[in-house]
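Observations on the three-dimensional arrangement
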Amino acid sequence: GTMNHLIGRKVMEMGLELRSLSRDGAFEKELRERKEGMLAEVYRMLVLNLGQPPREFTWRYEKSDSTDIATYPEPLTPKAFYEEVIDIELSAYVALFNYPGKDYYENYALEMSRNIYDRPNLALLNVPIDSIKACALRSILDSTAVWFACDVGKENYGKEGIMMLDIYNYDLIYGTEFEMAKKDLIELGMITPNHAMALVGVDTVSTRATKWLVENSWGEDDGDSGMWHMYNDWFDCYLFGAVIHQKYLSDELIEFSRKDPILLPPWDPMYALNHLE
């Protein structure tokens with residue numbers, strides 16, 4: 001936290017300096033050279049805290065049919081690890097999001113959301129929550145976990161790992177109702193996608209999902225030995241989106257995802273759905 005605070009403060013300071021240089025008539029070449037120096041300073045601060053990033057590493061893993069630890073035959077760079085071990089086409093995945101404040105079945109791009117200069121902005125296909133649920137169900141039943149974003153802090157019982165609406169009966173305690181639509185909760189900043197987890201299982205009745213098994217990253221001391229049980233009503237209200245392979249999407253959704261996206265400015269409420277801590 002201290003590192004993030006100090007680097008964030010330094011980056012703000014650097015941004016002000018660049019703007020000042022530009023106002024004073026500095027040429028683009030001079031600004032770019034100064035920016036390179038600033039990035040080097042940030043890199044140095046990161047190394048002091050976290051160490052020099054390795055150029056390659058030895059990958060060790062446990063085989064599914066054995067408790068023995070196997071070692072990959074040669075050291076790997078991060079790129080080689082992706083190409084030789086992961087070997088998936090990232091472009092085959094679609095980010096499905098649910099924001100009732102925007103038209104459904106539209107593709108939206110978030111201006112300035114890209115993390116790499118020469119890559120496209122993040123694109124989200126806005127769909128009804130039931131569409132996300134149907135695609136996630138097909139993926140889970142095919143033994144493929146699903147990454148999702150949610151507001152993890154709302155209406156859950158951490159000791160047993162249960163996420164369910166009205167798990168605490170505040171209406172009865174206070175003698176009033178707490179009723180607000182998901183659209184309004186998002187636009188007022190009452191709920192935000194502040195955590196990501198993985199759907200790894202599903203409970204079904206008559207082929208319909210009733211609750212979901214969630215794998216979290218907080219260790220075995222949280223939830224039900226690290227696992228959480230998400231009910232459908234919680235899914236509807238607090239799950240914002242999921243990244244799912246296109247083979248689990250309908251042909252219609254795939255076509256919608258290929259539409260030219262509508263560009264949204266950084267102050268649009270949907271933009272906040274992209275920022276996970």
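Each chain carries its own residue numbering, running from 1 in the written order of its sequence. Local features in this predicted model are restricted to residues of pLDDT 70 or higher, and side-chain atom pairs are both shown and tallied only at a pLDDT of 80 or more, whereas totals for entire chains, interfaces and linings draw on every residue. To get the side-chain values, take all heavy atoms of the structure and skip hydrogens and water.

Notes on helix α2 (residues 28–50)
Helix and strand definitions here come from DSSP, where helices need a minimum of 4 consecutive H or I residues and strands a minimum of 2 consecutive E residues; each element is numbered from the N-terminal end. How far a helix is expected to stretch is found by multiplying one less than its residue total by 1.5 Å. Over its 23 residues, α2 runs 32 Å from end to end, which matches the ideal 33 Å to within 8%, given 1.5 Å per residue. Relative accessibility under 20% of the residue-type maximum defines a buried residue, over 50% an exposed one, and the middle range a partly exposed one, all with a 1.4 Å probe and only protein chains included. Every buried residue of α2 is listed here: L31, M38, V42 and M45. When checking whether two residues touch, look at their non-hydrogen atoms; a contact exists if any pair is within 4.5 Å. Against α1 (2–23) lie the buried residues of α2. Within two residues after α2, G51 carries a phi angle of roughly 90°, on the positive side.

Description of a nonpolar patch on the surface
Together, Y157, Y168, Y170, I173, Y174 and F178 line one region of the surface with nonpolar side chains, adding up to about 690 Å² of accessible area. A per-element tally of the nonpolar patch places helix α5 (residues 170–174) first, with three residues. Position of Y174 relative to the elements: it lies in helix α5. Accessibility expressed as a relative area gives 59% for Y174, which makes it exposed. For patches, a residue must show more than 30% relative accessible area and have no salt bridge; joins then use 9 Å for like charges and 5 Å for nonpolar side chains, namely Val, Leu, Ile, Met, Phe, Trp and Tyr. Reported accessibility uses the Shrake-Rupley method at a 1.4 Å probe radius. Residues are deemed covered only where the shown protein chains occlude them. Put simply, a salt bridge is a Lys or Arg side-chain nitrogen that is within 4 Å of an Asp or Glu carboxyl oxygen.

Thoughts on the pattern of salt bridges
Scanning all chains against the criterion turns up 14 salt bridges. A salt bridge links D184 to K183; its shortest N-O distance comes to 4.0 Å. Given the relative accessible area of 32%, D184 is considered partly exposed. Of the residues examined, K183 reaches a relative accessible area of 30% and is grouped as partly exposed. Taken together, the shared-partner salt bridges in this structure form one network comprising K10, E13 and E41.

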